[in-house]
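# Per-entry structural report
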Amino acid sequence: MDLTIISTFRCNSRCQMCYIWQNPTDPKEEISLKTIDKLPDGFDNLNVSGGEPTLRKDLAEIIEIVHPKARITEISSNGQHPERLVPIIRRFPDVKVRFSLEGDEETNNRIRGERDGYRRKTEGLRMLREAGGTDLGYAVVIQDENVEQLLPLYEMATNEGFELATSALHNAWQFYKNDNYFYDRHSVAREVESLIEAMLSSWSIKKWFRAYLNLGLIEKILGHDRLIPCTAVKEFAFIDPWSDVWGCNVRTDLPMGNLEKQSWNEIMSSEAARQSAGKVRACKQNCWMVTTARTAIRSTLVPGAPKRGPAYWVVANKLRTFLGLGIPFHRYVDYGTIAESPRVNRSSFLGTKDKGKLLRGRDDPAKRYPLRVFQNQ
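This section reports on the structure supplied with the text. Keep in mind that this is a model prediction, so the values were computed, not measured.

Moving on to the overall build of the protein chain. Across its full length, the protein chain holds 14 helices and nine strands. Computed over its C-alpha atoms, the radius of gyration of the protein chain comes to 20 Å, within 12% of the 21 Å expected for a compact globule of 377 residues. For the protein chain, the residues scored as buried account for 57% of the 377 residues in total. Across the protein chain, every contact between residues at least 6 apart in sequence was considered, and the portion connecting residues at least 24 apart equals 74%. Approximately 16,400 Å² of the protein chain is accessible, and the part contributed by carbon and sulfur atoms is 52%.

The side chains of a regular strand alternate, first on one face of the sheet and then on the other. Most of strand β5 (residues 136-142) sits inside the fold, with six of its seven residues counted as buried. Of the strand pairs in this sheet, strand β4 (residues 96-100) and β5 are connected by four bridges, and their pairing is parallel. Counterpart to R98 in the pairing with β5 is G137. What joins β5 to strand β6 (residues 163-168) is helix α6 (residues 150-159), and the crossover it makes is right-handed.

Here the focus is the side chain of R251. Its location among the elements puts R251 in the loop between β8 (244-246) and β9 (255-258). Of the residues examined, R251 reaches a relative accessible area of 18% and is grouped as buried. Looking at R251, its side chain comes within polar contact range of the side chain of D253, at 2.8 Å. Beyond its immediate stretch of four places on either side in the chain, R251 contacts W173, W246, K279, C283 and Q285.

Across the sheet, which stays open at both edges, the nine strands sit in the order β6-β5-β4-β3-β2-β1-β7-β8-β9 with mixed pairing between neighbours. Strands at the two margins of the open sheet, each flanked by one partner only, are β6 and β9. Across this sheet, the average inter-strand angle for adjacent strands is 25°, counted without regard to direction. Relative to strand β7 (residues 236-239), strand β1 (residues 2-6) runs parallel, the two sharing four bridges. Paired with L3 across the strands is A237, a residue of β7. Strand contacts of helix α2 (residues 59-66): β1, β2 (43-49) and β3 (70-77), with the helix running at about 175° to β2, the strand carrying the most contacts.

Our focus in this paragraph is the packing of aromatic side chains. Enumeration according to the criterion identifies 18 aromatic pairs in this entry. With centroids separated by 5.6 Å and ring planes inclined at 85°, the aromatic side chains of F9 and Y176 adopt a geometry described as edge-to-face. Pair noted here: F9 is in the loop between β1 and α1 (33-36) and Y176 is in the loop between β6 and α7 (185-201), with a separation of 167 residues, a long-range link. Each member of the pair, F9 as well as Y176, carries the same accessibility label: buried. Both rings, one in Y138 and one in F162, keep their centres 5.9 Å apart while their planes meet at 85°; by these two values the pair is edge-to-face. Placement of Y138 in strand β5 and of F162 in the loop between α6 and β6 is noted, with a sequence separation of 24 residues between them. When its relative accessible area of 3% is taken as the criterion, F162 is described as buried. Among the aromatic residues, those joined into a cluster by ring pairs are F9, W173, Y176, W242, W246 and Y369. For R190, the ring lying beneath its charged end belongs to Y335, and the centroid distance is 3.6 Å. One Lys or Arg, K318, reaches over the ring of W203 and ends 4.0 Å from the middle of that ring.

Residues W203, L319, F322, L323 and L325 make up a contiguous nonpolar surface patch of roughly 620 Å² in combined accessible area. Residue classification places L323 among the exposed positions, given a relative accessible area of 52%.

The next subject is the side chain of T321. Following the sequence through the fold, T321 ends up in helix α12 (residues 308-322). For T321, the side chain forms a polar contact with the main-chain oxygen of N317, separated by 2.8 Å. The contact partners of T321, leaving out residues within four places of it in the chain, are L200, S201 and I327.

With respect to burial, β1 is a largely interior element, five of its five residues being buried. Of the two faces of β1, the one lined by D2, T4 and I6 and the one lined by L3 and I5 are each fully buried. Pairing analysis gives four bridges linking β1 to β2, with the strands arranged parallel. Residue L3 lies in a different strand from β2, and its bridge partner there is L46.

Our focus in this paragraph is the packing of α6 against α7. Axes are the key here: two packed helices are described by the angle between their axes and the distance separating the axes. The geometry of α6 relative to α7 is characterised by a closest axis approach of 8 Å and an angle of 30° between their N-to-C directions. Accordingly, the angle class assigned to the pair α6 and α7 is roughly parallel. Across the interface between the two elements, L150, L151 and Y154 of α6 pack against V192, S194, L195, A198 and M199 of α7. The residue inventory of the contact of α6 with α7, partitioned by class, reads seven nonpolar, one polar and no charged.

What follows covers unusual backbone geometry. Residue G51 is reached from G50 by a cis peptide bond, and omega for that bond is 20°. Tracing the chain through its elements places G51 in the loop between β2 and α2. For Y176, which is not glycine, the phi torsion reads 55° and is therefore positive. The exposure class of Y176 is buried, given its relative accessible area of 9%. Here the phi dihedral of V233 falls at roughly 75°; this positive angle occurs in a residue that is not glycine. With respect to the element layout, V233 can be found in the loop between α8 (205-222) and β7. You can call V233 buried: its relative accessible area is 6%.

What counts, and where the lines are drawn
Residues numbered from 1 in each chain as written. Predicted model: local features only at pLDDT ≥ 70, side-chain atom pairs only at ≥ 80, totals over all residues. Heavy atoms only, no water. Helix = DSSP H or I, 4+ residues; strand = E, 2+ residues; numbered from the N terminus. Rg over C-alpha atoms; globule rule 2.2 N^0.38 Å. Buried < 20%, exposed > 50% of the residue type's maximum accessible area, 1.4 Å probe, protein only. Contact = heavy atoms within 4.5 Å. Areas by Shrake-Rupley, 256 points an atom, 1.4 Å probe, with all protein chains shown as cover. Pairing = 2+ DSSP bridges. Right-handed = clockwise from strand over helix to strand, strands pointing away. Polar contact = N/O pair within 3.5 Å; in protein donor to acceptor, adjacent residues only side chain to side chain. Axes fitted to C-alpha atoms, helices over the stretch in contact; angles between N-to-C directions. Phe/Tyr/Trp six-rings, centres within 6.5 Å; stacked < 30°, edge-to-face > 60°. Lys NZ or Arg CZ within 6 Å of the ring centre and 35° of its normal. Patch = residues over 30% accessible without salt bridge, like charges linked within 9 Å, V, L, I, M, F, W, Y side chains within 5 Å. Salt bridge = Lys/Arg side-chain N within 4 Å of Asp/Glu carboxyl O. Parallel < 35°, antiparallel > 145°, perpendicular 65-115°, else oblique. Nonpolar A, V, L, I, M, F, W, Y, C, P; charged D, E, K, R; others polar.

Shown next, in the form of structure tokens:
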């Protein structure tokens, strides 16, 4: 299975679509190295994220512990402090690193509230390449404000030899925000088509399957059902900064246990995990992020291989692209049915003095996650 360790809620970005930076954790309360060391071996993709993981002074020690426990070890960062990752990459060149980048300089800095974020990320990723990094790239959250830059961003990353991971605007308890909605679902979804075509025009098998992932993002953006049922609890899980293990990072009713107090096997075989798995089977939310989509696409027998449905779509449409026939999106996507969503404006925090306030005493999940309802449709 895949696992994401949300190592901290501290963050030095001030994103308009995520308020985690307004709700920082106390470093003294964050998951410890001793607790992380309790994890078993054998994970497929193990992602150390945040908040901003480079704000953990012991990030290098965390990677030292988890690297032997997974086929792929990943760090999801805002890229504001790439120099802190250089020693890690020199030690483990195969660690996968993704810097959040939302478009060109003006767009990225406005969306993420970063004064000089674009330069730091682009120069920083080159710095990690010089340090020997072999799996480096950017990650973009597709939203109305940046979707027209999606294809140029992909081309920029490709020209530099970097990857581009995509997700779409959504809600989650780790964002402390449950009002992320698209302004114009149709226009945003249509723009993603160009990225899919570009990925299928490449000669990278990985990008072909990313094209399928982006087809799922179109469905998510339009408010349609998932392409493939969710596999939360069974094939992926999240650990929050308080060592609580959750079936996913959206619903606050999928607790499974606490790694500080229990062993991993006790958590996975618990009644709480069983009940959470049952709720997942009945879940109607259309969450289609890399974590939730990758595991759904992946074969249950051979983790490195896809299920037959996605594989057939990729082969068929790669062949059509090669023959110059184009991708028949109308066969896969019903643009005549688009979910309604309220108009909730997103505001940039660039140049403002807004900052997070540390609240101690959040000794139970109800206090940690006061927004109880999160909807992704």
